[in-house]
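In case you want the letters, here they are:
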Amino acid sequence: MKYGSLILEKKEYVVLKRLLNLSINYKEDTRKYSVKRLETELQNAVISDEELVPQDVIRFNSVITVATDDGWENTFELVTPNDKNYQNNKVSVLTPMGSAVMGYAQGDVIDWEFPGGIKKLRIVNVKQNKSNKHYQL
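The rules behind the values
Residues numbered from 1 in each chain as written. Predicted model: local features only at pLDDT ≥ 70, side-chain atom pairs only at ≥ 80, totals over all residues. Heavy atoms only, no water. Helix = DSSP H or I, 4+ residues; strand = E, 2+ residues; numbered from the N terminus. Buried < 20%, exposed > 50% of the residue type's maximum accessible area, 1.4 Å probe, protein only. Contact = heavy atoms within 4.5 Å. Areas by Shrake-Rupley, 256 points an atom, 1.4 Å probe, with all protein chains shown as cover. Core = buried A, V, L, I, M, F, W, Y, C linked by side-chain atoms within 4.5 Å.

Moving on to the overall build of the chain. Broken down by element type, the chain carries three helices and seven strands. Listing the helices and strands of the chain from first to last along the sequence gives β-α-α-β-β-β-β-α-β-β. Looking at the 137 residues of the chain, the share that counts as buried comes to 47%. Considering only intrachain contacts with a sequence separation of at least 6, the fraction spanning at least 24 residues in the chain is 62%. Split by element, the accessible area of the chain, about 7200 Å² in all, is 48% carbon and sulfur.

L16 and V101 are the most contacted members of the largest nonpolar core, which totals 29 residues. Mapped by element, the contributors of at least two residues to this core are helix 1 (10–22), helix 2 (29–42), strand 3 (62–68), strand 4 (73–79), helix 3 (96–101), strand 6 (109–114) and strand 7 (117–128). In terms of residue count, the dominant contributor to this core is helix 1 (four residues). Leaving out residues up to four positions away in the same chain, V101 has contacts with I58, I64, V66, F76, L78, I110 and L121.

Any functional reading would require information that these geometric values do not contain.
Right under this line is the structure:
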């Protein structure tokens, strides 16, 4: 891990904790596992003021490109559940993919369990979408 632990901006951390509390009753095992794993990782996360969060750390509204060793690659924007829109490549932080990347940085490689099994997910690129900084619950 590039920075040693997840890094989250203070306001985004509060929103994320609320979202995780609301998602406690997920029925689907993969989604439930992903949310639980993110909750565990948040226990050791660094919570910072906005200006101290490095530009290559994944936050709400970041545009991320991820890839696996088997040649799969995807670019999407990480959003809150209310803003998800799969046609526009906006993925909720509460999906397995979204919870896998939140707080990680460009260059990090994550072992994460997806519906098809555990894969190494490499974060290829992170771009901040400054024009869309709002968090809807």
